[in-house]
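# Report on the structure
Residue-level listing of the chains:
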Amino acid sequence: MAFLADALSRVKPSATIAVSQKARDLKAKGRDVIGLGAGEPDFDTPDNIKKAAIDAINRGETKYTPVAGIPELRAAIVAKFKRENNLDYTAAQTIVGTGGKQILFNAFMATMNAGDEVIIPAPYWVSYPEMVSLCGGTPVFVSTKQENNFKLTAEDLEKAITPKTKWFIFNSPSNPSGAAYSHDELKALTDVLVKHDHVWVLTDDMYEHLTYGDFKFATPVEVEPKLYDRTLTMNGVSKAYAMTGWRIGYAAGPLNLIKAMDMIQGQQTSGACSIAQWAAVEALNGTQDFIPENKKIFEGRRDLVVSMLNQASGIVCPKPEGAFYVYPSCAGLIGKTAPSGKVIETDEDFVSELLETEGVAVVHGSAFGLGPNFRISYATSEELLEEACKRIQRFAAACK
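A few points on the structure. Here the structure is a predicted model, which means the values were calculated and not measured.

## Brief notes about the layout of surface pockets
- The calculated volume of the largest pocket comes to roughly 620 Å³.
- As for the largest pocket, its lining consists of 30 residues, of which G39, K101, W125, K239 and R247 are closest to the centre.
- Every element with two or more residues in the lining of the largest pocket is listed here: α1 (15–28), α4 (100–111) and α5 (127–134).
- Looking at the lining of the largest pocket, the element that brings in the most residues is α1, giving four residues.
- Split into classes, the residues belonging to the lining of the largest pocket amount to 10 nonpolar, 13 polar and seven charged.
- Two domains each donate at least three residues to the lining of the largest pocket, and these are domain 1 (4–42 + 288–394) and domain 2 (61–283).
- Here the second largest pocket defines a volume of roughly 310 Å³.
- When grouped by side-chain class, the residues that make up the lining of the second largest pocket number nine nonpolar, five polar and three charged.

If you want it as structure tokens, here you go:
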């Protein structure tokens, strides 16, 4: 009898975490490495949010919390959805988790049966299919195209839906591509979903506040209220508020689903960290003035990286609408020989040779389900980004 669960055979380690760890290991050995793998803002958590956490500690807010979150945070979530997304929820329809990952995992665990299918547009965040598989479901991948800015079409969504489809995962702006769907693009997808009332929508809005230019964010239920009773809208404070380590994600949705997720979380971790929850209250209720300032910085970084990568031989980099990633193609380098003498046969070969030759750590696109591409996180200084892009240009030019 095997000791480890069979489910583990269906799951792969996180490629983004692996790349970040490899970069750290090389740095520890004295290598000059620029790590562009982590999806984490380089800004510090704003002072008003840190002060709210300190005040909570001084008040003694250090005990167990209700499983689904402290009342103050659930009220702040209700207010946020009404203020920013024109969505009406009660506090009982919300739940707080230890990061967005726990929200997603609990939703799948609460609903998935063997044979249930989950539609996942590719490229996708690396954890989506692994969570589905761990919970006994079947990921169904639908590839998007670079010429369509990596956005799913209504026709492709329609083709992917079967009687076994339980969930459609929607992420805009996207990790890893940065693609964000306009209201009209989203309406085309929701028109399809309305016709299939057995399909639930899990929308990951984690990068909602990180869109650029004149782009206006929209979320599925906001575009199509008919989906209200079968949509879980997930968000969190990690990205826009530079609170990755605080580990607070949240969601709102139908009461029966929230209750089921609450029950699972009660037997799993119970409530999220009390101090982090009070910090999140301030994040949602307090000043939002720093968000436009940070967006402007991110937008400048995006433009720098896109421009420099498009000057690299064999690399084509679309300009995304949001998040802090670019997802360039390295198709023009496949089949060429790297400076080490190794032939680049895949995007994984490309990123491995780039790291060994130039000390730039990026993530191969096949880890996100679509290659030959690679993901760069531009959530670091312009100085480092410029140097990294120069190294990528040098590496690409040296491939023959």
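## Observations concerning the pattern of salt bridges
- According to the stated counting rule, one finds 23 salt bridges in the structure shown.
- As a salt-bridge pair, E185 and K151 come within 3.1 Å of each other at their nearest N and O atoms. Residue E185 is located in helix α7 (residues 183–195), and its partner K151 is located in the loop between β4 (138–143) and α6 (154–160); the two are separated by 34 residues in the primary sequence.
- Across the pair D303 and R302 runs a salt bridge, and its minimum N-O distance is 3.0 Å.
- Given the relative accessible area of 7%, R302 is considered buried.

## Comments concerning the state of the cysteines
- Inspection of the entire model under this criterion finds zero disulfides.
- No disulfide involves C330; its nearest neighbouring cysteine sulfur is the one of C399, lying 9.8 Å away.
- Looking at C330, the relative accessible area reads 0%, which means it is buried.

## A word on the pairing of strand β5 (residues 165–171)
- Most of β5 sits inside the fold, with seven of its seven residues counted as buried.
- Two strands pair when backbone bridges link them, and strand β3 (residues 117–122) and β5 are joined in this way by three bridges, in the parallel orientation. From the neighbouring strand, E117 faces β5, where its bridge partner is T165.
- Pairing analysis gives five bridges linking β5 to strand β6 (residues 200–204), with the strands arranged parallel. For F168, the partnering residue across the bridge sits in β6 and is V201.
- Remark: the β5/α7/β6 crossover connection has right-handed handedness.

## Focus on the nonpolar core
- If you look at the biggest cluster of nonpolar residues, it comprises 80 residues, and the most contacted ones within it are F108, L232, L309, I315 and F350.
- When residues of this core are assigned to domains, at least three fall in each of domain 1 (4–42 + 288–394) and domain 2 (61–283).
- When sequence neighbours within four positions are dropped, the list of residues in contact with L232 reads I103, A107, W167, V201, L202, T203, A251, A252, G253, L257, I258 and M261.

## Some thoughts on the packing of aromatic side chains
- Evaluated as defined, the whole model comprises 20 aromatic pairs.
- Seen in terms of ring centroids, Y124 and F141 are 4.9 Å apart; in terms of plane orientation they differ by 20°. Their pairing is stacked. With Y124 in the loop between β3 and α5 and F141 in strand β4, this pair connects stretches of sequence that are 17 residues apart.
- Y124 gets classed as buried once you look at its relative accessible area, which sits at 9%.
- The class of F141 is partly exposed, set by a relative accessible area of 43%.
- Feature note: the residues F43, Y207, F298, F324, Y325 and Y378 constitute an aromatic cluster, connected by ring pairs.
- Here R59 stacks its cationic end above the ring of W278, 4.8 Å away from the centre of that ring.

Conventions used here
Residues numbered from 1 in each chain as written. Predicted model: local features only at pLDDT ≥ 70, side-chain atom pairs only at ≥ 80, totals over all residues. Heavy atoms only, no water. 1 Å grid on protein atoms, 1.4 Å probe; cavity = no way out; pocket = protein on both sides within 12 Å on 5 of 7 lines; lining within 4 Å. Points joined across faces, edges and corners; volume = space filled by probe spheres on them. Helix = DSSP H or I, 4+ residues; strand = E, 2+ residues; numbered from the N terminus. Nonpolar A, V, L, I, M, F, W, Y, C, P; charged D, E, K, R; others polar. Domains from an automatic or database assignment. Salt bridge = Lys/Arg side-chain N within 4 Å of Asp/Glu carboxyl O. Buried < 20%, exposed > 50% of the residue type's maximum accessible area, 1.4 Å probe, protein only. Disulfide = S-S within 2.5 Å. Pairing = 2+ DSSP bridges. Right-handed = clockwise from strand over helix to strand, strands pointing away. Core = buried A, V, L, I, M, F, W, Y, C linked by side-chain atoms within 4.5 Å. Contact = heavy atoms within 4.5 Å. Phe/Tyr/Trp six-rings, centres within 6.5 Å; stacked < 30°, edge-to-face > 60°. Lys NZ or Arg CZ within 6 Å of the ring centre and 35° of its normal.

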